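Each chain, written out:
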Amino acid sequence: MNIVVCVKQVPDTTEVKLDPKTNTLIRKGVPSIINPDDKSGIESALRLKEKVGGEVTLLSMGPPQAEVALREGLAMGADKAILLSDRAFGGADTWATSSTLAAALKKLDYDVIIAGRQAIDGDTAQVGPQIAEHLEIPQVSYAEEINVEEGKVVVKRQFEDRYHIVEVNTPCLITSLSELAEPRYMSVKGTFDAYREKDVKVWGLDEIEDTVDKMNLGLKGSPTRVKKSFTKQAKGAGELLDDVTAEEAVEAIVTKLREKHII
Amino acid sequence: MSKDVYVLAEQRDGEIQKVSFELIGKAKELAKDLNQKVVAILLGSNIKEKAHDLIEYGADEVIYTEDEMLKEYVTEPYTKATYEIIKANDPEIVLFGASSIGRDLAPRVSARLHTGLTADCTGLEIDLDTKLLMMTRPAFGGNIMATIICENHRPQMATVRPGVMDVLEKEESRSGKINEFPIEFNEKDMNIKIRKVLKRTKKTVDITEANILVSGGRGLGDKKGFNKLMKLSEALGGEIASSRANVDEGWIEKDYQVGQTGKTVRPDLYIATGISGAIQHLAGMEESEFIISINKDSGAPIFEVSDLGIVGDLHDIVPKLTEEIEKVKNES
């Protein structure tokens, strides 16, 4: 079973802070990581490969430095990696991003595509389902478990109030939750192989030109655009009681709760 | 020409979900600025009788499609129905709930229609000059807000975060057109097979519905720390909630998590105990009506959004507060 995992390199948003003076993002020193939902997708793909054989290919779109994320995935045990990197792909929204990734996928041999449910920088959860639509294959999103039984893929699909255990034929696309599989660590040998034995292929527009309409790529091919971005106005702080005893604190809270008719 | 504001009403087991009424509430405002109508799309099996609920909450019209294939949510039959209804009616705007259904369906539909989609919006308004929909959403883990537009493709589509938009007062006297939109489904539309539906049996509390939340962070120290909060929330008639750290530790289930990757809550009272107030947490609770926080660290960011902040030890204050509230309640 050949599996392609879609991977995004993202800034670790839990490390992002706001500059209180300028109210802008401090990007400096923020580490780049493999998006957590994608990393669990890689892990899940590797486990499926261990069970039923086949090849795991990583596919990413991003600037040249996204290669680092792909090398990390190779070190975990993936077989191949492709980085889609070209000026023509830049400034893409989810629609154009999914068109670009789908164009590359049309050139690859896959039974299952796994994409992380959502990236922590954009939080859209849109690219996976949009790829599936461009490829006209079924999708199962929010996967908590993936198994293979007699050539069929069986997925435990999470909703807020229930699970569906679903059966889907290949080829199909699955979006993975970070709960799906705890990613393994890179081994020393794995890391060595990722740099010496394995290759990250870089594809530009030339490599996918025949499987996509150029009008659907990058900023030009994006139906949406960002009109403005801003940091939220913090709500003004109220009263702060420092240096009070527990009893005084309780009294202050109870007084407020009475004022608000909560008690 | 494209016109009208459509919302995809979400049903589970034949019950219309609250987020659908929130969408109608917001759609009503947008439609007023555009001088257009609000139309709800309702998909399900034997669902017709629920259509009037959508009218009572403010929809001007309902378009419904019934089929056995639409009983449980499955991507392809829902995509086909939504796509065909949109194609036939050419709406200006379509809104979906940013639930695990809406966030599966909307991107698939947007790709089929070749139009833009903005995810998980917390603000929507019409620009009165351009008449474009301004879709505002948090990005970068809630650190920044971005306003997105879709100029040249129709419909303009967004998924909307549950719990953020206001529901209109239900009025039984409201009336509106309810029309069936018949669709022929065939076997290949059901391209996945549901083997089993497992209800999440544990009594899951929906913290977005609670009026009072007593929430705990890392300062609780351990799993047992929630017992103290439970007693306080019982005394107040509320529910407990949590920051992400405790969920990651496995002290409490994810259903209780407030924040960017958890739920957005707007209770009348939010008591934050032992929560420092990472921006991701604040994103999920800062719209609460009244916020009280207790934290040992006087520099904790949670105090910046609090109406009343107490620098102190929650393990000392929470039990005493619980006792005092019970006393007050017994007096009255």
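Heads up: the structure comes first, above all this text.
Note that the coordinates shown come from a computational prediction; the quantities given were computed from them, not determined experimentally.

Draft legend 1. Local environment of the overall build of chain B. Along the backbone of chain B there are eight helices and 18 strands. With the C-alpha coordinates of chain B rotated into their principal frame, the extents come out at 65 × 50 × 40 Å. Within the span of chain B, comprising 332 residues, buried residues form 61% of the whole. The long-range fraction of contacts in chain B, counting pairs at least 24 apart against all pairs at least 6 apart in sequence, stands at 64%. For chain B, the exposed surface amounts to about 13,500 Å²; the carbon and sulfur share of it is 44%. Of the charged side chains in chain B, 43 are positive and 56 negative, and the gap between their average positions amounts to 5 Å.

Draft legend 2. View of the interface of chain B and chain A. Across the boundary between the two partners, chain B contributes 81 residues, which contact 77 residues of chain A. Summed over both sides, the interface between chain B and chain A buries roughly 7,200 Å², with carbon and sulfur atoms accounting for 57% of that surface. A salt bridge links B:Arg108 to A:Glu133; the nearest nitrogen and oxygen atoms lie 2.7 Å apart. Our count for the contact surface shared by chain B and chain A stands at 42 residue pairs in polar contact (both at pLDDT 80 or more). The class makeup of the residues in the side of chain B that touches chain A is 37 nonpolar, 21 polar and 23 charged. Bridging between strand β15 (residues 239-241) of chain A and strand β18 (residues 308-311) of chain B involves three bridges; their strand directions are parallel.

Draft legend 3. Examining the pattern of salt bridges more closely. Tallied over the full model, the rule gives 47 salt bridges over all chains. Residue B:Lys18 is joined to B:Glu22 by a salt bridge in which the shortest nitrogen-to-oxygen separation is 3.5 Å. Taken together, the positions of B:Lys18 and B:Glu22, both in helix α1 (residues 18-34) and four residues apart, correspond to about one turn of that helix. With relative accessibility at 35%, the residue B:Lys18 sits in the partly exposed group. Connected via shared salt-bridge partners are A:Glu160, A:Asp161, A:Arg162, B:Glu10, B:Arg12, B:Asp13, B:Glu72 and B:Lys199.

Draft legend 4. Summary view of the sheet that holds strand β15 (residues 239-242) of chain B. Taken together, six strands build an open sheet; the order of strands is β15(A)-β18(B)-β17(B)-β16(B)-β14(B)-β15(B) and the sheet is parallel. The open sheet has two edge strands with one neighbour each: β15 of chain A together with β15 of chain B. When the angles between neighbouring strand axes are averaged without regard to direction, this sheet yields 15°. As judged from the four bridges shared by strand β14 (residues 212-216) of chain B and β15(B), these two strands associate in the parallel manner. The partner of B:Ser215 across the bridge, within β15(B), is B:Ala241. Its contacts with the sheet put helix α7 (residues 246-259) of chain A on β15 of chain A together with β16 (269-273), β17 (290-295) and β18 of chain B, and the angle it makes with β18(B) is roughly 170°.

Draft legend 5. Spotlight on helix α2 (residues 67-76) of chain A. Residues and elements named next belong to chain A. In terms of residue burial, α2 counts as a mostly covered element, since seven of its 10 residues are buried. Within the span of α2, buried status applies to Ala 69, Leu 70, Arg 71, Gly 73, Leu 74, Ala 75 and Met 76. Trailing α2 by a residue or two, Gly 77 shows a phi angle of about 135°, which is positive.

Draft legend 6. Inspection of the side chain of A:His134 at higher detail. In this structure, A:His134 sits in helix α4 (residues 127-135). Of note is the side chain of A:His134, whose polar atom sits 3.1 Å from the side chain of A:Ser98. With residues near it in sequence (within four places) discarded, A:His134 still touches A:Trp95, A:Ser98, A:Ser99, A:Ala102, A:Lys106 and B:Ala111.

Draft legend 7. Representation of the environment of B:Thr82 within the structure. All names here are of chain B. Here Thr 82 is to be found in helix α3 (residues 75-89). Take Thr 82: its relative accessible area is 0%, and that puts it in the buried class. Discounting residues that sit within four places of it in the chain, Thr 82 has contacts with Leu 8, Leu 43, Phe 96, Leu 105 and Val 109.

Draft legend 8. Structural view of the nonpolar core. With 52 residues, the main nonpolar core has A:Ile253, B:Leu236, B:Tyr270, B:Met285 and B:Ile302 as its most contacted residues. It is α7(A) that provides the largest number of residues to this core, a total of seven residues. Setting aside residues no more than four positions away along its own chain, B:Tyr270 makes contact with B:Leu213, B:Ser215, B:Val258, B:Val265, B:Ile275, B:His281, B:Met285, B:Ser288, B:Phe290, B:Ile291 and B:Ile292. A:Ile34, A:Met76, A:Val166 and A:Val200 belong to the second largest nonpolar core, which has 37 residues in total.

Draft legend 9. Quick look at the environment of B:Glu323. All names here are of chain B. Mapped onto the elements of the fold, Glu 323 is located in helix α8 (residues 314-331). Take Glu 323: its relative accessible area is 58%, and that puts it in the exposed class. Placed 91 residues apart in sequence, Glu 323 and Leu 232 show a C-alpha to C-alpha distance of 8.4 Å.

Draft legend 10. Geometry of the sheet that holds strand β14 (residues 225-230) of chain A. If you walk across this open sheet you meet the four strands as β14(A)-β10(B)-β9(B)-β8(B), and the pairing is antiparallel. Taken across any chain shown, the strands that pair with only one partner, and hence form the sheet edges, are β14 of chain A together with β8 (123-126) of chain B. Between one strand axis and the next, the sheet turns by 25° as a mean value, whatever way the strands run. As paired elements, β8(B) and strand β9 (residues 133-139) of chain B share four bridges and run antiparallel to each other. Bridge pairing in β9(B) links B:Ile126 to B:Leu133. Where α1(B) meets the sheet, its contacts fall on β8 and β9 of chain B, and the angle it forms with β8(B) comes to roughly 15°.

Draft legend 11. Molecular detail of the packing of aromatic side chains. This model, assessed by the stated rule, comprises three aromatic pairs over all chains. Ring pairs connect the aromatic residues A:Phe159, B:Tyr73 and B:Tyr78, which therefore count as one cluster. One cation-aromatic arrangement involves A:Lys156 over A:Tyr163; the distance from NZ or CZ to the ring centre is 4.3 Å. For the cation-ring pair, A:Arg157 lies above A:Phe159, with the distance from its terminal atom to the ring centre recorded as 3.8 Å.

Draft legend 12. Fine view of the pairing of strand β9 (residues 139-149) of chain A. All names here are of chain A. Of all 11 residues in β9, eight are buried; the element is thus mostly enclosed. Taken together, the three bridges between β9 and strand β12 (residues 172-176) define a ladder with parallel strand orientation. When the sheet's bridge partners are listed, Gln 139 is paired in β12 with Leu 173. Between the end of β9 and the start of strand β10 (residues 152-158), which pair antiparallel, lie two residues, with Glu 150 showing a positive phi angle near 45°.

What counts, and at which threshold
- Residues numbered from 1 in each chain as written.
- Chains lettered and ligands numbered in written order.
- Predicted model: local features only at pLDDT ≥ 70, side-chain atom pairs only at ≥ 80, totals over all residues.
- Heavy atoms only, no water.
- Helix = DSSP H or I, 4+ residues; strand = E, 2+ residues; numbered from the N terminus.
- Buried < 20%, exposed > 50% of the residue type's maximum accessible area, 1.4 Å probe, protein only.
- Contact = heavy atoms within 4.5 Å.
- Areas by Shrake-Rupley, 256 points an atom, 1.4 Å probe, with all protein chains shown as cover.
- Lys, Arg positive; Asp, Glu negative; His and termini not counted.
- Charge placed at Lys NZ, Arg CZ, Asp CG, Glu CD.
- Buried area = accessible area lost by both parts, 1.4 Å probe.
- Salt bridge = Lys/Arg side-chain N within 4 Å of Asp/Glu carboxyl O.
- Polar contact = N/O pair within 3.5 Å; in protein donor to acceptor, adjacent residues only side chain to side chain.
- Nonpolar A, V, L, I, M, F, W, Y, C, P; charged D, E, K, R; others polar.
- Pairing = 2+ DSSP bridges.
- Axes fitted to C-alpha atoms, helices over the stretch in contact; angles between N-to-C directions.
- Core = buried A, V, L, I, M, F, W, Y, C linked by side-chain atoms within 4.5 Å.
- Phe/Tyr/Trp six-rings, centres within 6.5 Å; stacked < 30°, edge-to-face > 60°.
- Lys NZ or Arg CZ within 6 Å of the ring centre and 35° of its normal.

Honestly, that's just the spatial picture; any functional story needs more than this.
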